[in-house]
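Examination of the molecular architecture
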Amino acid sequence: MKIGIPNEISDGERRVAIVPKTATQLLKDGHEVFVEIGAGEKACFPDTEYEQAGAVIIKDKQLLYSGADVIMKIQPPQREEIEMMKNDSTYIGFLSSVLDAEFLNLMNQKSISSFAMEFIPRISRSQSMDALSSMASIAGYRAVLIAAQYLGKFFPLMMTAAGTIPPAKLLVVGAGVAGLQAIATARRLGARVEAFDTRPAVKEQVESLGAQFIEMELVKNAETAAGYAKEMTEEFMKRERKIIGDRAAQNHVVITTAQLFGKKAPILITEEMVKKMQKGSVIIDLAAEQGGNCEITEPGKNIYKHGVTICGVLNLPSTLPIDASSMYSRNITQFFKHLYKAEDRNLDFEDKITKSSCVTYNGEIVNDYVRTAIRKGANT
Ligand code: NAD
C-alpha cells in the first residue's frame, strides 16, 4: 500500500505520525512510504533520515494526499485534508473531535475508510496500539515538570547548611494512565504524593508507586464495561469536593486528570477551594481539553488567581515531540498491521479492535457510538 505521512498543520503541533525507524518496518512489509517535506522537522526527524530509511519525500501536499492509499496522522484532519484524499482510501488518526454529520458525509461521499485511534478498545491485545495511553503517560510526566517550574519550592527534601527543607506535597486527582505517570514522576523528584480516584481498583496501583490513596467511601460499579470511570451522582461529587478541598489546602501542587469518556470533565475544584489553598500553590489541569476539572481553569492559559497558579495545559504530548512521535508511530504501525493482516488485505469486522475503531466504511457510518452521538446531536 502507498502510505502518506503529511505535515501536521494544527497550531503548535510538533509531532509526526511516523518516524524514520518505523518507516523502515513498513517498507520491509512491502509498503511504500511517502513523507511530506519537513513533516518530521519539528520532532527532530529531518527529511534525510526518512530518505535513508527508504521513504520518498514529497514536496506537494496535494500530491501526497491524492496519491496515498492510506493517510496516517495524529491530529484530526481538517476539511481541506479530507478533500485532498483520493476516493476509497483509508484515514488513520485521532478523530473524535471532528466527528460531526457534515464531516462524516464528506468522508462517506469519498468512500474513505476511517479509523479513530481513540476508539481502539483498551484490552490486553491492543496495548501496543494504545496511543491514548502513550500520550497520557507523556502528559502525566510533563505535568509534574511544569508544576516544578511554577512552584517556588523544591520538590525533594533538602538538607543543607542553610537548614532542612521539607519535600513538596503533591495531590493527584484521577489516577488513570496520566495520573499514575504523574505520581511516578513526582516520587522520582522526591515529592510526597497522595492521590484519589473513583475507581477502587486504582488504590493498589497508587500505593505500589509509593503514594498514599485518599480513602473515601466509593461506589460499587464505578467503571463502565470499557474500564472508564462512570459519571458520579451530584451527592457523591459534593462529598468528593469536600475531601479534595481539604486535601488541596494541605498540598502545594494539585494535578487533576479526571475525565469521563465522551463527556465534559467533572468540576472537582471550585473557586472557593482555590481560595483556601496555600499561596504559591500550583494546579495543573490535565482535563483542560474537556473544559477542566477546576472551575476557573482557562484552557490554553496559565492564570494566577487567589495566590495560586492554574495551568490549563493543552496538548502536552506535543511538548515532547521526539518520544511522543516515536511512541505514536509504533502504536499506529501496530494498529495498521493488525487491520490489514489478512493476505488479501480485507478488514475483519468480527475482530473487536477493527470493529470498535472503524468510523466510516463503504460510504457509511459503521460505528455504533458515533451513530448514536450524531443522532443525539441531530435531535437537539
Ligand atoms: P481517563 O483519562 O478517562 O480518566 C482519568 C482518570 O480519572 C481515570 O482513572 C478515572 O477513573 C478518573 N476519574 C474520573 N472521574 C473522576 C472523579 N470524579 N474523581 C476522581 N477521579 C475521577 O482514564 P484513562 O487513563 O484513559 O484510563 C481509563 C481506563 O482504561 C482505566 O480503567 C485504565 O486502567 C484502562 N486502561 C486499560 C488499558 C489496557 O488494558 N490495555 C490500557 C490503558 C488504560
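Keep in mind that this is a model prediction, so the values were computed, not measured.

How each quantity is defined
- Residues numbered from 1 in each chain as written.
- Predicted model: local features only at pLDDT ≥ 70, side-chain atom pairs only at ≥ 80, totals over all residues.
- Heavy atoms only, no water.
- Domains from an automatic or database assignment.
- Contact = heavy atoms within 4.5 Å.
- Buried area = accessible area lost by both parts, 1.4 Å probe.
- Salt bridge = Lys/Arg side-chain N within 4 Å of Asp/Glu carboxyl O.
- Polar contact = N/O pair within 3.5 Å; in protein donor to acceptor, adjacent residues only side chain to side chain.
- Helix = DSSP H or I, 4+ residues; strand = E, 2+ residues; numbered from the N terminus.
- Nonpolar A, V, L, I, M, F, W, Y, C, P; charged D, E, K, R; others polar.
- Pairing = 2+ DSSP bridges.
- Axes fitted to C-alpha atoms, helices over the stretch in contact; angles between N-to-C directions.
- Core = buried A, V, L, I, M, F, W, Y, C linked by side-chain atoms within 4.5 Å.
- Buried < 20%, exposed > 50% of the residue type's maximum accessible area, 1.4 Å probe, protein only.
- Right-handed = clockwise from strand over helix to strand, strands pointing away.
- Expected span 1.5 Å × (residues − 1).
- Arc of directions from axis to C-beta.
- Parallel < 35°, antiparallel > 145°, perpendicular 65-115°, else oblique.
- Left-handed = near helix turned anticlockwise from the far one by under 90°.

**A few points about the domain arrangement of the protein**
- As far as domains go, the protein holds domain 1 (2–129 + 321–378) and domain 2 (137–319).
- Here domain 1 and domain 2 have C-alpha centroids that lie 32 Å from each other.
- Contact with domain 1, which involves 13 residues of that partner, is made by nine residues of domain 2.
- Both sides of the domain 1 and domain 2 interface together cover about 810 Å² of buried area, and 49% of this is carbon and sulfur.
- It is Arg15, Arg122 and Tyr369 in domain 1 that bury the most area against domain 2; as a group they hold 46% of the surface buried on that side.
- Between domain 1 and domain 2 we count zero salt bridges in total.
- The interface formed by domain 1 and domain 2 includes five residue pairs in polar contact (both at pLDDT 80 or more).
- Of the residues forming the side of domain 1 that touches domain 2, the biggest block, four residues, is contributed by helix α11 (residues 321–339).
- Residues belonging to the side of domain 1 that touches domain 2 are distributed by class as follows: five nonpolar, two polar and six charged.

**Considering the sheet that holds strand β6 (residues 113–116)**
- The strand order β3-β2-β1-β4-β5-β6-β16-β17 describes an open sheet built from eight strands, whose pairing is mixed. The sheet terminates laterally at β3 (56–58) and β17 (364–365), the two strands that pair on one side only.
- Seen against the sheet, helix α5 (residues 101–109) touches β6, β16 (358–361) and β17 and runs at an angle of roughly 50° to β16.

**Comments concerning the nonpolar core**
- In terms of nonpolar packing, the biggest core is built from 55 residues, with Phe155, Ile255 and Ile284 touching the most fellow members.
- Discounting residues that sit within four places of it in the chain, Ile284 has contacts with Ala143, Ile146, Ala147, Val254, Ile255, Thr256, Cys311 and Val313.
- Residues Val35, Phe115, Met117 and Phe336 belong to the second largest nonpolar core, which totals 39 residues.

**Side note on the side chain of Ser113**
- Mapping Ser113 onto the fold places it in strand β6.
- Beyond its immediate chain neighbours, meaning those up to four positions away, Ser113 contacts Ser89, Thr90, Tyr91, Thr360 and Tyr361.

**Brief notes about α5**
- All of the buried residues in α5 are Phe103, Leu104, Leu106, Met107 and Asn108.
- Remark: Ser111 follows α5 within two positions and exhibits a positive phi of approximately 50°.

**A word on the pairing of strand β10 (residues 192–196)**
- With four of its five residues buried, β10 lies for the most part within the structure.
- Sheet topology places strand β9 (residues 169–173) next to β10; five bridges connect them, and they run parallel. Counted as the bridge partner of Leu170 is Val193 from β10.
- When β10 meets strand β11 (residues 212–213), the two strands line up parallel, connected through two bridges. Bridge pairing in β11 links Ala195 to Phe213.
- With helix α8 (residues 202–208) bridging β10 and the parallel β11, this β-α-β connection has right-handed handedness.

**Remarks on helix α9 (residues 234–250)**
- Helix length check: α9, at 17 residues, gives a terminal C-alpha distance of 24 Å against a target of 24 Å (1.5 Å per residue), a fit within 8%.
- Every buried residue of α9 is listed here: Phe236, Met237, Glu240, Arg241, Ile244, Gly245 and Ala248. All buried residues of α9 project into a common sector of 165° when viewed along the axis, lining one side. Exposed side of α9, more than 90 degrees from the buried face: Glu235, Lys238 and Lys242 are the residues found there.
- In this structure, the buried side of α9 is in contact with β9, β10, β12 (253–256) and α10 (271–275).

**Focus: the packing of helix α6 (residues 131–150) against α11**
- Relative orientation of the contacting elements α6 and α11 amounts to 165°, with a least axis distance of 9 Å. Judged by the angle between their axes, α6 and α11 are roughly antiparallel. Here α6 and α11 pass one another in a crossing that is right-handed. Where α6 abuts α11, its residues Ala131, Ser134, Met135 and Ile138 lie against Asp323, Ala324, Met327, Tyr328 and Asn331.
- Grouping the amino acids of the contact of α6 with α11 by side-chain chemistry returns six nonpolar, two polar and one charged.

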